[in-house]
Amino acid sequence: MEYRQLGRSGLRIPVLSFGTATFGGGNEFFKAWGSTQVEEARRLIDICLEAGVTLFDTANVYSQGMSEEILGKALEGRRGEVLISTKATFPMGDNPNGYGSSRQNLLKACEDSLRRLGTDHIDIYHMHGFDAHTPVEETLRALDDLVQSGKVRYIACSNFSGWHLMKSLSVSERYGWARYVGHQAYYSLANREFEWELLPLGLDQGVGTIVWSPLSAGLLSGKIRRGQSIPESSRLAQGGGQGPKVPDELLFNIIDALDEVAAETEKSVAQVALNWLLQRPTVVNLVIGARNEEQLRQNLAAAGWNLTPEQIAKLDAASDTPPIYPYWHQRNFPMLHPKLV
């Protein structure tokens, strides 16, 4: 398993991590992802560790804490072998102070996650979304206090806009507080808007990208085909998809290109789609999920090899979409670094 440095930090993480949103199945939305319980979770974790995947990703909101609880129980006796990433900000109940990035909520949310996970520290603590109602200074000071206390090792964000992240980095620099070293973001061959602003920002500011939904909620799993209905067993058919609809013509052009490259490499469509992401600038890690052992082993095989430049170019061309303003205009500037366009 290849390890990469997480942004401008000393932490090295594997290029694949195991996402545990499939643990618990606490409501209809998460049941569509999976309903893994403790015994099966232990087996999946065994497979991950055998492959060198030592980072496990969860969030307090996944099945309202059940995912963290199951992960904590499944990792009993093995905490020293692994890294844990979890998140806060989304509502965990009806309390008006029970969500967001306020000091009040973050200190409690962190303690609750530590208790559910059965650990004394969180390795990577993400802000799951940007709270526009709380001053950035309040959020980052609370996070710095958690880092100084030893309860959190590194902080990261998720689903931020460019200005959200840039302002946060500026405030951290101004006061000498812990800075976001990673950004967990939605990115795939079918969803490349991340490249317009967040990718160049990550390059410039040393923020590593951890990709969530790298198969676009199953669109790039190899199960979706031109002229065929979505399989009833898929997460999409069961209501577990996220993100805007991808235009059919774009999607099937991507799948056609994936089929060609899969035949050339003797890999699966999903493995090719994941490997393409591992070649993108700033990408440090892909969060892969699995509802069973077979899915997990298939996804793990996406690492340890590389697509050729010609194969990457073919996938780039098939998945290219015209950017919105001002990004289309910025592409006309002759001095832009080629990786930023």
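Structure: above.
These numbers were taken from a predicted model, which means no experiment stands behind them.

Asker: Just checking my understanding: could you explain the pairing of strand E9 (residues 208-212) for this structure?
Answerer: Regular strands place their side chains on alternate faces of the sheet. The buried fraction of E9 is high, at five of five residues. Burial along E9 is two-sided: Gly-208, Ile-210 and Trp-212 facing one way and Thr-209 and Val-211 facing the other are all buried. Crossover connection from strand E8 (residues 180-186) via helix H7 (residues 194-205) to parallel E9: handedness right-handed. Alignment of E9 against strand E10 (residues 283-288), held across three bridges, turns out to be parallel. Within E10, the residue paired with Ile-210 across the bridge is Asn-285.

Asker: I keep staring at the sheet that holds strand E6 (residues 122-127) and nothing clicks. Help me out?
Answerer: Sheet strands line up and pair through hydrogen bonds in the backbone, either parallel or antiparallel. Here eight strands make up a closed barrel; going around it, the order is E3-E4-E5-E6-E7-E8-E9-E10 and the pairing parallel. Ignoring strand direction, the axes of neighbouring strands in this sheet form an average angle of 30 degrees. With respect to the sheet, helix H5 (residues 136-149) is in contact with E6, strand E7 (152-158) and E8, its orientation differing from that of E7 by roughly 150 degrees.

Asker: Just to check I follow, could you spell out the packing of helix H8 (residues 248-265) against helix H11 (residues 309-319) for this structure?
Answerer: Between two packed helices, the angle of one axis relative to the other and the distance separating the axes together describe the packing. Remark: H8 packs on H11, axes separated minimally by 8 Å, with the N-to-C direction vectors making an angle of 170 degrees. On the basis of the axis angle, H8 is roughly antiparallel to H11. Classified by chirality, the crossing of H11 by H8 is right-handed. Of the residues in H11, those in contact with Leu-250, Asn-253, Ile-254, Ala-257, Leu-258, Glu-260, Val-261, Glu-264 and Thr-265 of H8 are Gln-311, Lys-314, Leu-315, Ala-318 and Ser-319. Of the residues in the contact of H8 with H11, the class split is seven nonpolar, four polar and three charged.

Asker: Is there a simple way to think about the pattern of salt bridges in this case?
Answerer: Between side chains of opposite charge, pairing is possible as soon as their charged atoms come close. Enumeration according to the criterion identifies 20 salt bridges in this entry. Put simply, Asp-123 and Arg-79 hold a salt bridge, and the shortest N to O gap is 2.9 Å. Remark: Arg-79 occurs in the loop between helix H3 (66-74) and strand E5 (83-88) and Asp-123 occurs in strand E6; sequence separation between them is 44 residues. Arg-79 shares its class with Asp-123; the two are buried. Residue Asp-316 pairs with Arg-280 through a salt bridge whose shortest N-O separation is 3.2 Å. Of this pair, Asp-316 sits in helix H11 while Arg-280 sits in the loop between helix H9 (269-278) and E10, and the two are 36 residues apart along the sequence.

Asker: Is there a simple way to think about the environment of Trp-328 in this case?
Answerer: Within the secondary structure, Trp-328 is located in helix H12 (residues 327-330). Considering only alpha carbons, one finds Trp-328 and Trp-196, 132 residues apart in sequence, at a separation of 9.1 Å.

Asker: Sorry, what's going on with the packing of aromatic side chains here?
Answerer: Remark: the centre distance and the inter-plane angle together describe each pair of aromatic rings, the angle taken between the planes. Counted under the stated rule, the structure contains 13 aromatic pairs. Centroid distance Phe-18 to Phe-56: 6.4 Å. Interplanar angle 85 degrees. Geometry classified as edge-to-face. Residue Phe-18 is located in strand E3 (residues 16-19), and its partner Phe-56 is located in strand E4 (residues 55-57); the two are separated by 38 residues in the primary sequence. An identical accessibility class is assigned to Phe-18 and Phe-56; each is buried. Where Tyr-175 meets Trp-177, the ring centres are 4.6 Å apart and the plane angle is 20 degrees; that geometry is what we call stacked. Judged by its relative accessible area of 17%, Trp-177 is buried.

Parameters and conventions
Residues numbered from 1 in each chain as written. Predicted model: local features only at pLDDT ≥ 70, side-chain atom pairs only at ≥ 80, totals over all residues. Heavy atoms only, no water. Buried < 20%, exposed > 50% of the residue type's maximum accessible area, 1.4 Å probe, protein only. Helix = DSSP H or I, 4+ residues; strand = E, 2+ residues; numbered from the N terminus. Right-handed = clockwise from strand over helix to strand, strands pointing away. Pairing = 2+ DSSP bridges. Axes fitted to C-alpha atoms, helices over the stretch in contact; angles between N-to-C directions. Contact = heavy atoms within 4.5 Å. Parallel < 35°, antiparallel > 145°, perpendicular 65-115°, else oblique. Left-handed = near helix turned anticlockwise from the far one by under 90°. Nonpolar A, V, L, I, M, F, W, Y, C, P; charged D, E, K, R; others polar. Salt bridge = Lys/Arg side-chain N within 4 Å of Asp/Glu carboxyl O. Phe/Tyr/Trp six-rings, centres within 6.5 Å; stacked < 30°, edge-to-face > 60°.

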